Amino acid sequence: MSRRLDPRTVAYVALGWLVAVALLGLWQLYATSAELLYLSPFSDSAAAMWELATGPTLTTDVLPSIGRFLAGYAIGCVVGIAVGVPIGYIRSLEPWIRPVLEFLRSLPAPAIVPIAVLLLGASSGTRIAVIAFGACWAVLLNAIDGARGVDPLLIDTGRVNRLGTAAILRRIVIPAALPQIFAGLRIALGIALIVMVFSEMIASTSGLGFQILTSQRRFLVPETYGGVLLIGLIGWAFSVLFLYVERRVLSWHVGRLGGAPRG
Amino acid sequence: MAEDLITVEHIRKAFAVGAGETLAIGDVSLALREREFLTVVGPSGCGKTTLLRSIAGLLPIDEGEIRHRGRSVDGVLPAMQIVFQEYNRSLFPWLSVDRNVRFPLKGVDRREADERVAEALRLVHLEGFEGHYPWQLSGGMQQRVAIARSVAARAELLLMDEPFASVDAQTRISLEMMLLELWERLGISVLFVTHDIEEAILLSDRVLVLSQRPSSVIAEIEVDLPRPRDQLKTKELPRFLELREQVYGLVGLRGEAAVA
């Protein structure tokens, strides 16, 4: 952080924000001048978002949503890594399960929400399970590819040092596959958010998705927009946090590639 | 005469290629004595690397036996480290230099591990580079990290697969001298593989010449040159030139016979 800021970078960042502010201004101007029934101005939407994020809904909807999102995401990631790494490392396993994996991965997670509700009930745990299901595939497939691509010489070095399979996976394969695993984690983050919102729109009584749908049905237009804004902000905050973590964990990788940190 | 550390008897190794198989090692026997510097030379593609990996226990052999101090070994040799030609692929890119060197020391008391890592880095002249990552170092320095890792692990046997083939000539000279220094100081045994005949003679006590694939040992040459060896003086000795001519003949003749 003590690095000196490059004036050109500052200019680019400032320009980006300027465009964002300009778009919000356009929204505000258009909505207030046209007085459309189903478009609330940015100011009203932002106020509704603030109310949603700070009022009683904070504990009844916002935080439970974030909690389910994080729990589902974490479970999906752990399962994806724990299953994907051994599959990638033990190459002979892969042909057996590849078709099944490809099918399950292609299944849009929102599509299984109704089935999950039927099977598991309309509980918070069901929603977490569906989020985990949605998140795990990107991680799993990237973990398989990453583990399969580990340089055999590194594995040999582990074997020369008499490491068992578990130690080779933990000390060599997982760290070596980490750049690719992180690519999967990043995709999974977006998917987890989508599934969270959607799962709360079906057979639900709380959560951000529920709030948005309910507001819309009651013609509470600013509240509907506010809910969407809040979800956008939450997603944005998590992806910023994710990039920060990724850059720290993979600093060796970024340096090795010789490029500036991406982002 | 010193006791044999490693005995290799009549090993054979084939690789499946399509429906058939390619015989990489026909029939190789050799013995590596305690504290010996033994080098295997042979033409490119004669199966030197396969031989080294088979002896290490990284590749299963089809026939024959490998013994460590007289006891048959199935699997990876004990107290052994390998230095590969591809230094940029055998170091862990996510670990700093000191952590790479420390890699084999899992389970060793922390203070002792610290000391061993510091000593190993000192012996390969890499003090001050502890916090660097492998990709921040030159090829020669990376190879020294790999050697330091073997030193820290207290390997009694070092298998080296063309370790200096991918560095520039000057770096190579300094690495060769450093290796000889380490070998004498630590009292380890080295099994070295190279296609460079001068390097083989300069470093070794004995040189084994391999044939074209399927490989077998076609000659064993005692290198009766005085130690310590020197890049210039040793290479100017009449005896060095004689040995060089002899080995060149052995390698070259076989090569031509195979082409014809």
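The structure presented is a predicted model; accordingly, all values stated were derived computationally and were not measured.

1. Regarding the sheet that holds strand β4 (residues 63-68) of chain B
Residues and elements named next belong to chain B.
Then, number 1: An order of β5-β4-β1-β2-β10-β9-β3-β8-β7-β6 is seen for the ten strands of this open sheet, with the pairing classed as mixed. With one partner strand each, in any of the chains shown, β5 (71-72) and β6 (80-83) form the two edges of the open sheet.
Then, number 2: Here β6 runs beside strand β7 (residues 157-161); their pairing, made up of four bridges, is parallel. In the strand pairing of β7, Gln81 is matched with Leu158.

2. Considering the packing of helix α8 (residues 165-199) of chain A against helix α10 (residues 221-249) of chain A
All names here are of chain A.
Then, number 1: Running from amino to carboxyl end, α8 crosses α10 at an angle of 165 degrees, the nearest separation of the two axes being 11 Å. The angle between α8 and α10 places the two elements in the roughly antiparallel class. Taken as a pair, α8 and α10 cross one another with a handedness that is right-handed. For the pair formed by α8 and α10, the contact residues are Leu178, Phe182, Leu185, Arg186, Leu189, Leu193 and Val197 on the first element and Ile231, Ile234, Gly235, Phe238, Ser239, Phe242, Leu243, Glu246 and Val249 on the second.
Then, number 2: For the contact of α8 with α10, a count of residues per class yields twelve nonpolar, two polar and two charged.

3. A closer look at the nonpolar core
Most often, soluble globular proteins have nonpolar side chains that are buried together.
Then, number 1: Counting 62 residues, the largest nonpolar core has Tyr73, Ile172, Val173, Leu185, Leu208, Leu230 and Ile234 of chain A as the members making the most contacts within it.
Then, number 2: For this core, the secondary-structure elements that each account for two or more residues are α2 (42-54), α3 (57-89), α5 (113-120), α6 (124-148), α7 (152-160), α8, α9 (208-217) and α10 of chain A.
Then, number 3: Looking at this core element by element, the count peaks at 17 residues for α8 of chain A.
Then, number 4: Ranked by size, the runner-up nonpolar core spans 36 residues in total, among them Ala148, Leu158, Leu180 and Phe192 of chain B.

4. Thoughts on the domain arrangement of chain A
Interfaces are often sized by the accessible area lost when the parts come together.
All names here are of chain A.
Then, number 1: Looking at the assigned domains, one finds that chain A contains domain 1 (1-35) and domain 2 (40-257).
Then, number 2: Here the C-alpha centre of domain 2 lies 29 Å away from the C-alpha centre of domain 1.
Then, number 3: Contact residues are listed per partner, giving six residues for domain 1 and eight residues for domain 2.
Then, number 4: Summing both sides of the interface, domain 1 and domain 2 together bury roughly 550 Å²; the carbon and sulfur share of this comes to 77%.
Then, number 5: Area buried by domain 1 at its contact with domain 2 is led by Leu24, Trp27 and Gln28, which between them contribute 72% of it.
Then, number 6: Scanning the region where domain 1 abuts domain 2 turns up three residue pairs in polar contact (both at pLDDT 80 or more).
Then, number 7: Counted by class, the side of domain 1 that touches domain 2 contains four nonpolar, two polar and no charged residues.

Rules used throughout
Residues numbered from 1 in each chain as written. Chains lettered and ligands numbered in written order. Predicted model: local features only at pLDDT ≥ 70, side-chain atom pairs only at ≥ 80, totals over all residues. Heavy atoms only, no water. Pairing = 2+ DSSP bridges. Helix = DSSP H or I, 4+ residues; strand = E, 2+ residues; numbered from the N terminus. Axes fitted to C-alpha atoms, helices over the stretch in contact; angles between N-to-C directions. Parallel < 35°, antiparallel > 145°, perpendicular 65-115°, else oblique. Left-handed = near helix turned anticlockwise from the far one by under 90°. Contact = heavy atoms within 4.5 Å. Nonpolar A, V, L, I, M, F, W, Y, C, P; charged D, E, K, R; others polar. Core = buried A, V, L, I, M, F, W, Y, C linked by side-chain atoms within 4.5 Å. Buried < 20%, exposed > 50% of the residue type's maximum accessible area, 1.4 Å probe, protein only. Domains from an automatic or database assignment. Buried area = accessible area lost by both parts, 1.4 Å probe. Polar contact = N/O pair within 3.5 Å; in protein donor to acceptor, adjacent residues only side chain to side chain.

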